[in-house]
Amino acid sequence: MEEKERKDKFLTDSNIEIKRVYSKLDVKDEQPGEFPFTRGIQSTMYRSKLWTMRQYAGFSTAEESNKRYHYLLNNGTTGLSVAFDLPTQIGYDSSHDFADGEVGKAGVAIDTLRDIEILFDGIKLENITTSMTINSTASILLSMYIALAKKQGADLKKISGTIQNDILKEYAARGTYIYPPKPSMRIITDIFEYCGKEVPKWNTISISGYHIREAGSTAVQELAFTLANGKAYLKSAIDKGLDINVFAKRLSFFFNAHNNMFEEVAKFRAARRMWAKITKDLGATDPKAQMLRFHTQTGGSTLTAQQPQNNIPRVTIQAMSAVLGGTQSLHTNGFDEAIALPTEEAARIALRTQQIVAYESGIVDTVDPLAGSYYVEALTNEVEAAAWDYINKIDAMGGSVAAIEQGYLQNEIAASAYKYQNDIQSGEKVIVGVNKFTSEEAPLKDIFTVDDSIRQLQIDKINKVKSERNNEKVKSILAQLDANAKADVNLMPTILEAAENYATLGEIADVMRKVFGEYTG
């Protein structure tokens, strides 16, 4: 007699039904490094080179964040990942009234090139890759980074890294936008064009599903909405006259990794296959322009304040899913991040998690180790099919920009988030230590906090910079930026000149606010 199963139906987090068994009928014969890249973008993957190990860090002042970067580099981090505070993300100087209470809290405060000089003190930009989680003010922060590279004497053809620069997901899921969609898309394509000529190794956008997932989407929605946004960026650049075989090589992606390991692996594999088809359909013929390269961060929304040490095995599972799925870069969260910014101990454990996966697990020794698994192959196909359904609906609306303006993406994400929370409250979805296996526990003793007094330190730095710079020259450059914003002129050279002359982030952003207006949703 067959045993009764625990549930009537077994489902992934995207509500894809899981069959009891899978067979060879579910398997496709594809090779890594070959179109459509389901099994990986390189034929050797981690047998040749491990992924870049990053730890997302940034808090308080540039001085304090610089200390953390050196700590991480000394412990084996192979790439930097910069978090910026909220005022920096939305184009306000630390001295602005709107910045009160937020300076240095969600990331490092950056007001002028002087802060960038301090942030990377003792770090040669030519020797490290840097990822910057910045969107509305990406053009300004990238310009400051380039300005510092020039001061260091770096070859701009060699510096590499990534700016997130993905404004569409800000409208859909996160909210740190400044300008309306059309001028925002213009700035993004200006960056594509400028970097293609001047900083060719720089990844000009990291099309981000991470924040879509953090807002409550399913894995399928994360995949579909991210690739739909990617299509919008491709079309915008093509409309500007850029060559997809050139600029698409510098597009990268940023995905989330949650706890349902096999669905996450399937998502990553499906993403490569889908992007290869999307780029090919839009005219890409160079295989490198068809390849989806991605960074992964473990799921912030999966971390629990209850029994926070449980987050260590959660992060391990998520990190393994990213590696099994073929990520190019990975950040692992600290176990205490549901409570506060990570302590040095939590950051070290998170980094050691990656290192143990890389050097002790054995999963890096063969390419795409889950390939041929009847379950994973079938799930890859089902995730892909469900994601295409969403993309076809978005295309019918006129693309991502139109779908966002109609509220479609936002409403779908909200509905998924609501269902997920209901499932937790009903007990249908078990979260260990939250709605099952709970216990009394003492609060964490070592909590990282940022002092509100640093705002005054930042204001003092701004005032000092303004007293030492050539204010007439800054005024002239900002006037030129105003004129260029009103004309059909690439804005990057003028923004870079403003940054090099120590114009503040807020001054530069305000010029474009005046010309483009602000988006209110």
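Residues numbered from 1 in each chain as written. Predicted model: local features only at pLDDT ≥ 70, side-chain atom pairs only at ≥ 80, totals over all residues. Heavy atoms only, no water.

A. Quick peek at the overall build of the protein chain. Helix and strand counts for the protein chain come out as 20 helices and 9 strands. Of all 521 residues assigned to the protein chain, the portion counted as buried reaches 58%. Surface accessibility of the protein chain: about 21,600 Å² in total, with carbon and sulfur atoms responsible for 50%. For the protein chain, the separation between the mean place of its 59 positive charges and that of its 67 negative charges on side chains is 4 Å. (Helix = DSSP H or I, 4+ residues; strand = E, 2+ residues; numbered from the N terminus. Buried < 20%, exposed > 50% of the residue type's maximum accessible area, 1.4 Å probe, protein only. Areas by Shrake-Rupley, 256 points an atom, 1.4 Å probe, with all protein chains shown as cover. Lys, Arg positive; Asp, Glu negative; His and termini not counted. Charge placed at Lys NZ, Arg CZ, Asp CG, Glu CD.)

B. Highlighting a nonpolar patch on the surface. A grouping of Val430, Val432 and Phe437 is seen on the molecular surface, where their side chains present a nonpolar patch of about 270 Å² in accessible area. Tracing the backbone shows phenylalanine 437 in the loop between helix H16 (408–426) and helix H17 (454–468). Judged by relative accessible area, phenylalanine 437 falls into the exposed class, the value being 56%. (Patch = residues over 30% accessible without salt bridge, like charges linked within 9 Å, V, L, I, M, F, W, Y side chains within 5 Å. Salt bridge = Lys/Arg side-chain N within 4 Å of Asp/Glu carboxyl O.)

C. The layout of surface pockets, seen in detail. Looking at the largest pocket, its volume works out to about 1,400 Å³. What lines the largest pocket is a set of 47 residues, among which Thr12, Asp13, Tyr420, Lys429 and Ile431 lie closest to the centre. Counting residues per element, the ones that place at least two in the lining of the largest pocket are helix H7 (210–214), helix H8 (219–239), helix H10 (261–281), helix H14 (374–397) and H16. Among the elements that line the lining of the largest pocket, the one with the most residues is H16, at 9 residues. Of the residues contributing to the lining of the largest pocket, the split by class is 20 nonpolar, 16 polar and 11 charged. Estimated volume of the second largest pocket: approximately 980 Å³. Forming the boundary of the second largest pocket are 40 residues, of which Lys49, Thr52, Asn203, Arg293 and Gln328 lie nearest the centre. Only strand S1 (52–57), strand S3 (129–133), strand S4 (160–163), strand S7 (251–257), strand S8 (294–298) and strand S9 (329–331) provide two or more residues apiece to the lining of the second largest pocket. If one sorts the elements of the lining of the second largest pocket by residue count, S3 sits on top with 4 residues. Partitioning the lining of the second largest pocket into residue classes produces 11 nonpolar, 22 polar and 7 charged. (1 Å grid on protein atoms, 1.4 Å probe; cavity = no way out; pocket = protein on both sides within 12 Å on 5 of 7 lines; lining within 4 Å. Points joined across faces, edges and corners; volume = space filled by probe spheres on them. Nonpolar A, V, L, I, M, F, W, Y, C, P; charged D, E, K, R; others polar.)

D. Representation of the packing of helix H4 (residues 138–151) against helix H20 (residues 505–516) in the model. One way to put it is that H4 packs onto H20 with a least axis distance of 10 Å and a crossing angle of 140°. As judged from the angle between their axes, H4 and H20 are oblique. Once H4 is placed against H20, the crossing between them reads as right-handed. Judged by residue contacts, Ser139, Ile140, Leu141 and Met144 of H4 engage Leu505, Ile508, Ala509 and Met512 from H20. Residue composition of the contact of H4 with H20, grouped by class: 7 nonpolar, 1 polar and no charged. (Axes fitted to C-alpha atoms, helices over the stretch in contact; angles between N-to-C directions. Parallel < 35°, antiparallel > 145°, perpendicular 65-115°, else oblique. Left-handed = near helix turned anticlockwise from the far one by under 90°. Contact = heavy atoms within 4.5 Å.)

E. Local environment of the nonpolar core. Core analysis: the biggest nonpolar cluster contains 74 residues, and Trp51, Phe192, Leu227, Tyr233 and Phe247 have the highest contact counts within it. Setting aside its immediate chain neighbours within four residues, tryptophan 51 contacts Tyr46, Thr78, Val323, Thr327, Gln328, Ser329, Leu330, Gln354, Val357, Ala358 and Val364. By size, the runner-up hydrophobic cluster in this structure holds 63 residues, among which are Leu80, Leu148, Ile477 and Leu496. (Core = buried A, V, L, I, M, F, W, Y, C linked by side-chain atoms within 4.5 Å.)

F. How the structure looks around H4. With 14 residues, H4 extends 20 Å between its outermost C-alpha atoms, agreeing within 8% with the 20 Å of an ideal straight helix rising 1.5 Å per residue. Buried within H4 are the following residues: Ala138, Ser139, Ile140, Leu141, Leu142, Ser143, Met144, Tyr145, Ile146, Ala147, Leu148 and Ala149. Positive backbone phi, at 80°, marks glycine 153, one or two positions downstream of H4. (Expected span 1.5 Å × (residues − 1).)

G. How the structure looks around the pairing of S8. Among the 5 residues that make up S8, 5 are buried, leaving the element largely enclosed by the rest of the structure. Judged by which residues are buried, S8 turns out to be covered on both faces: Phe294, Thr296 and Thr298 on one side and His295 and Gln297 on the other are all buried. Two elements, S7 and S8, share 5 bridges in a ladder whose sense is parallel. Looking at S8, one finds that phenylalanine 253 is bridged to phenylalanine 294. Bridging between S8 and S9 involves 3 bridges; their strand directions are parallel. What sits directly across from histidine 295, in S9, is serine 329. Each parallel crossover has a hand, and the one from S8 via helix H12 (residues 311–324) to S9 is right-handed. (Pairing = 2+ DSSP bridges. Right-handed = clockwise from strand over helix to strand, strands pointing away.)

H. Up close: the packing of aromatic side chains. Applying the stated criterion to the full structure yields 19 aromatic pairs. Chaining the aromatic ring pairs together yields one cluster made of Phe253, Phe255, Phe268, Trp275 and Phe294. Sitting over the ring of tryptophan 388, lysine 277 keeps its end group 5.8 Å from the ring centre. We note lysine 280 situated over the ring of phenylalanine 35; from NZ or CZ to the ring centre the distance is 4.8 Å. (Phe/Tyr/Trp six-rings, centres within 6.5 Å; stacked < 30°, edge-to-face > 60°. Lys NZ or Arg CZ within 6 Å of the ring centre and 35° of its normal.)

I. Quick peek at the environment of arginine 186. Mapped onto the fold, arginine 186 is located in helix H6 (residues 181–198). For the pair formed by arginine 186 and glutamate 170, sequence separation is 16 residues and the distance between their alpha carbons is 16 Å. The residues touching arginine 186, leaving out its near neighbours within four places in the chain, are Asn484, Ala485, Ala487, Asp488, Val489, Leu491 and Phe516.

J. The sheet that holds strand S2 (residues 79–83), seen in detail. A sheet is described by the order of its strands in space; here 9 strands give the open sequence S5-S4-S3-S2-S1-S9-S8-S7-S6, paired in parallel fashion. Either end of the sheet is taken by a strand with one partner, and the two such strands are strand S5 (202–203) and strand S6 (205–208). As defined by bridge partners, S6 adjoins S7 across 4 bridges and the pair is classed as parallel. Residue pairing for S7: serine 206 is matched across the bridge by serine 252.

K. Structural context of unusual backbone geometry. Residue proline 36 is reached from phenylalanine 35 by a cis peptide bond, and omega for that bond is 5°. Residue position: proline 36 is located in the segment before S1. You will see that glutamine 307, though not glycine, has its phi angle at about 45°, which is positive. As for its position among the elements, glutamine 307 is in the loop between S8 and H12.

L. Spotlight on the environment of phenylalanine 192. Tracing the backbone through its elements, the reader meets phenylalanine 192 in helix H6. Owing to a relative accessible area of 4%, phenylalanine 192 belongs among the buried residues under this scheme. Taking the C-alpha atoms as reference points, phenylalanine 192 and asparagine 203, separated by 11 residues in sequence, lie 8.9 Å from one another. Beyond its immediate sequence surroundings of up to four residues, phenylalanine 192 is in contact with Asn165, Thr204, Ile205, Tyr233, Ala237, Leu242, Phe247 and Leu251.

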